[in-house]
Amino acid sequence: MIDLREIQRPLKQRYREEPKQAVIVSTARCTMESDPRVCRLEAGPMQLRVSAHEGVGGAGTEPCSGDVLVGALAACQQITLQMVAAAMGIALESCEVTVRGDLDLRGTLGLDRDVPVGYRDLSCEIRLSAPGTTPEQKAKLIELGRRFCVVHDTLAHGARIEITVDD
(Lines give C-alpha, C1' and ligand atoms only; values in the text may rest on other atoms or scores of the structure.)
Protein backbone atom coordinates (compact mmCIF):
# COMPACT_ATOMS: atom_id res chain seq x y z
CA MET A 1 0.00 0.00 0.00
CA ILE A 2 1.24 3.49 -0.82
CA ASP A 3 2.05 5.62 2.21
CA LEU A 4 0.15 8.72 1.12
CA ARG A 5 0.85 10.54 4.37
CA GLU A 6 4.58 10.19 3.73
CA ILE A 7 4.21 11.41 0.15
CA GLN A 8 2.11 14.40 1.19
CA ARG A 9 4.10 15.34 4.32
CA PRO A 10 6.71 17.51 2.52
CA LEU A 11 4.02 19.04 0.29
CA LYS A 12 1.89 20.04 3.27
CA GLN A 13 4.93 21.45 5.05
CA ARG A 14 5.88 23.54 1.99
CA TYR A 15 2.31 24.83 1.62
CA ARG A 16 2.18 25.78 5.31
CA GLU A 17 5.45 27.70 4.99
CA GLU A 18 4.71 29.17 1.55
CA PRO A 19 0.93 29.29 0.98
CA LYS A 20 1.37 30.76 -2.52
CA GLN A 21 3.03 27.48 -3.57
CA ALA A 22 -0.30 25.70 -2.94
CA VAL A 23 -2.12 27.70 -5.61
CA ILE A 24 -2.21 25.92 -8.96
CA VAL A 25 -3.73 26.94 -12.26
CA SER A 26 -5.43 24.33 -14.39
CA THR A 27 -5.93 25.14 -18.05
CA ALA A 28 -8.06 23.57 -20.73
CA ARG A 29 -8.19 24.77 -24.32
CA CYS A 30 -10.61 23.93 -27.08
CA THR A 31 -10.02 24.56 -30.75
CA MET A 32 -12.44 24.27 -33.62
CA GLU A 33 -12.61 21.51 -36.16
CA SER A 34 -14.23 21.59 -39.60
CA ASP A 35 -17.55 20.27 -38.22
CA PRO A 36 -19.22 23.01 -36.10
CA ARG A 37 -20.56 20.31 -33.76
CA VAL A 38 -17.05 19.16 -32.75
CA CYS A 39 -14.01 20.66 -31.01
CA ARG A 40 -10.64 19.41 -29.81
CA LEU A 41 -10.16 19.62 -26.05
CA GLU A 42 -6.68 19.79 -24.55
CA ALA A 43 -6.44 19.60 -20.77
CA GLY A 44 -3.15 18.67 -19.14
CA PRO A 45 -1.73 15.73 -21.09
CA MET A 46 -5.18 14.74 -22.40
CA GLN A 47 -6.40 15.46 -25.92
CA LEU A 48 -9.95 14.56 -26.78
CA ARG A 49 -12.50 15.30 -29.47
CA VAL A 50 -15.74 16.55 -27.91
CA SER A 51 -19.02 16.76 -29.78
CA ALA A 52 -22.46 18.20 -29.31
CA HIS A 53 -24.88 15.65 -27.83
CA GLU A 54 -27.02 13.67 -30.27
CA GLY A 55 -30.08 15.29 -28.72
CA VAL A 56 -29.03 18.69 -30.10
CA GLY A 57 -27.73 17.49 -33.47
CA GLY A 58 -24.35 15.95 -32.63
CA ALA A 59 -23.21 12.72 -34.23
CA GLY A 60 -22.92 10.86 -30.94
CA THR A 61 -19.51 9.46 -31.84
CA GLU A 62 -17.55 11.44 -29.23
CA PRO A 63 -18.33 12.40 -25.66
CA CYS A 64 -20.30 15.62 -25.27
CA SER A 65 -19.26 18.37 -22.87
CA GLY A 66 -21.86 17.10 -20.38
CA ASP A 67 -20.16 13.70 -20.46
CA VAL A 68 -16.85 15.43 -19.73
CA LEU A 69 -18.46 17.32 -16.81
CA VAL A 70 -20.03 14.26 -15.16
CA GLY A 71 -16.84 12.33 -15.95
CA ALA A 72 -14.76 14.95 -14.14
CA LEU A 73 -16.99 14.63 -11.08
CA ALA A 74 -16.83 10.82 -11.16
CA ALA A 75 -13.04 10.79 -11.61
CA CYS A 76 -12.42 13.37 -8.89
CA GLN A 77 -14.72 11.60 -6.44
CA GLN A 78 -13.10 8.23 -7.25
CA ILE A 79 -9.52 9.45 -6.85
CA THR A 80 -10.39 11.41 -3.71
CA LEU A 81 -11.98 8.33 -2.11
CA GLN A 82 -8.97 6.20 -3.01
CA MET A 83 -6.51 8.74 -1.61
CA VAL A 84 -8.53 9.33 1.57
CA ALA A 85 -8.81 5.56 2.09
CA ALA A 86 -5.04 5.23 1.68
CA ALA A 87 -4.44 8.08 4.15
CA MET A 88 -6.85 6.46 6.64
CA GLY A 89 -5.16 3.08 6.25
CA ILE A 90 -8.29 1.54 4.73
CA ALA A 91 -7.59 -1.18 2.19
CA LEU A 92 -10.19 -0.87 -0.55
CA GLU A 93 -11.03 -4.13 -2.24
CA SER A 94 -13.08 -2.24 -4.81
CA CYS A 95 -14.44 1.24 -5.33
CA GLU A 96 -16.62 2.54 -8.13
CA VAL A 97 -18.28 5.92 -8.62
CA THR A 98 -21.11 6.46 -11.08
CA VAL A 99 -22.39 9.98 -11.74
CA ARG A 100 -25.70 10.72 -13.43
CA GLY A 101 -26.90 14.11 -14.56
CA ASP A 102 -30.45 15.26 -15.29
CA LEU A 103 -30.54 17.69 -18.21
CA ASP A 104 -33.56 18.90 -20.19
CA LEU A 105 -32.40 19.66 -23.74
CA ARG A 106 -35.28 22.10 -24.30
CA GLY A 107 -33.26 24.63 -22.28
CA THR A 108 -30.09 24.42 -24.37
CA LEU A 109 -32.11 24.42 -27.60
CA GLY A 110 -33.91 27.59 -26.51
CA LEU A 111 -37.35 26.01 -26.72
CA ASP A 112 -38.53 27.05 -23.26
CA ARG A 113 -37.03 29.97 -21.31
CA ASP A 114 -38.29 28.46 -18.05
CA VAL A 115 -36.19 25.32 -18.54
CA PRO A 116 -32.60 25.62 -17.22
CA VAL A 117 -29.85 25.26 -19.81
CA GLY A 118 -27.62 23.26 -17.45
CA TYR A 119 -27.95 20.19 -15.32
CA ARG A 120 -30.73 20.35 -12.76
CA ASP A 121 -29.53 17.45 -10.66
CA LEU A 122 -26.36 15.41 -10.36
CA SER A 123 -26.12 12.21 -8.36
CA CYS A 124 -23.07 10.22 -7.27
CA GLU A 125 -23.50 6.53 -6.58
CA ILE A 126 -20.55 5.08 -4.67
CA ARG A 127 -19.99 1.34 -4.42
CA LEU A 128 -17.11 0.26 -2.29
CA SER A 129 -15.86 -2.79 -0.54
CA ALA A 130 -13.39 -2.47 2.31
CA PRO A 131 -13.39 -5.68 4.34
CA GLY A 132 -12.53 -5.19 7.99
CA THR A 133 -13.73 -1.59 8.22
CA THR A 134 -16.47 -0.53 10.57
CA PRO A 135 -19.61 1.30 9.41
CA GLU A 136 -18.22 4.40 11.17
CA GLN A 137 -14.95 4.20 9.20
CA LYS A 138 -16.87 3.84 5.93
CA ALA A 139 -19.09 6.80 6.83
CA LYS A 140 -16.01 8.90 7.62
CA LEU A 141 -14.41 7.85 4.32
CA ILE A 142 -17.52 8.91 2.37
CA GLU A 143 -17.77 12.20 4.27
CA LEU A 144 -14.09 13.05 3.69
CA GLY A 145 -14.31 11.92 0.08
CA ARG A 146 -17.10 14.41 -0.50
CA ARG A 147 -15.39 17.14 1.51
CA PHE A 148 -12.07 16.97 -0.31
CA CYS A 149 -13.37 16.37 -3.87
CA VAL A 150 -12.41 19.51 -5.81
CA VAL A 151 -14.99 19.04 -8.58
CA HIS A 152 -17.81 18.29 -6.12
CA ASP A 153 -16.98 21.40 -4.10
CA THR A 154 -16.78 23.56 -7.23
CA LEU A 155 -20.12 22.35 -8.56
CA ALA A 156 -21.84 22.50 -5.17
CA HIS A 157 -20.61 25.99 -4.26
CA GLY A 158 -19.94 27.54 -7.65
CA ALA A 159 -16.93 29.32 -8.98
CA ARG A 160 -16.67 32.83 -10.39
CA ILE A 161 -16.39 32.67 -14.18
CA GLU A 162 -14.86 35.58 -16.04
CA ILE A 163 -15.14 35.74 -19.83
CA THR A 164 -12.78 37.82 -21.93
CA VAL A 165 -12.71 38.05 -25.70
CA ASP A 166 -9.52 38.51 -27.68
CA ASP A 167 -9.48 39.10 -31.43
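Residues numbered from 1 in each chain as written. Predicted model: local features only at pLDDT ≥ 70, side-chain atom pairs only at ≥ 80, totals over all residues. Heavy atoms only, no water.

Thoughts on the sheet that holds strand β2 (residues 38-43)
Stated formally: Paired strands are those between which DSSP finds at least two bridges. Numbered from the N terminus, helices here are DSSP runs of H or I no shorter than four residues, and strands are runs of E no shorter than two. Note on definitions: angles span 0 to 180 degrees between N-to-C directions of axes, and those axes are lines fitted to C-alpha atoms, for helices only across the stretch in contact.
Strand order in the open sheet made by the three strands is β1-β2-β3, with antiparallel pairing throughout. The two strands at the open ends of the sheet, each matched to only one other strand, are β1 (28-32) and β3 (46-51). Pairwise comparison of adjacent strand axes, ignoring direction, gives a mean angle of 25° for this sheet. Alignment of β1 against β2, held across five bridges, turns out to be antiparallel. Paired with A28 across the strands is A43, a residue of β2.

Brief notes about the pattern of salt bridges
Two side chains with opposite charge may pair up if their charged atoms get near one another. Stated formally: Any carboxyl oxygen of Asp or Glu that lies within 4 Å of a side-chain nitrogen of Lys or Arg is treated as forming a salt bridge with it. Whether a residue is buried, partly exposed or exposed follows from its accessible area with a 1.4 Å probe, protein chains only, as a fraction of its type maximum: under 20%, in between, or over 50%, in that order.
As enumerated under the stated definition, the model contains 13 salt bridges in all. Note that R29 and E42 form a salt bridge whose closest N and O atoms lie 3.5 Å from each other. One end of the pair, R29, is in strand β1; the other, E42, is in strand β2, and 13 residues separate them in sequence. Residue classification places E42 among the partly exposed residues on the basis of a relative accessible area of 26%. Residue E33 pairs with R40 through a salt bridge whose shortest N-O separation is 3.4 Å. A single salt-bridge network, built from bridges that share partners, covers E33, R40, R49 and E62.

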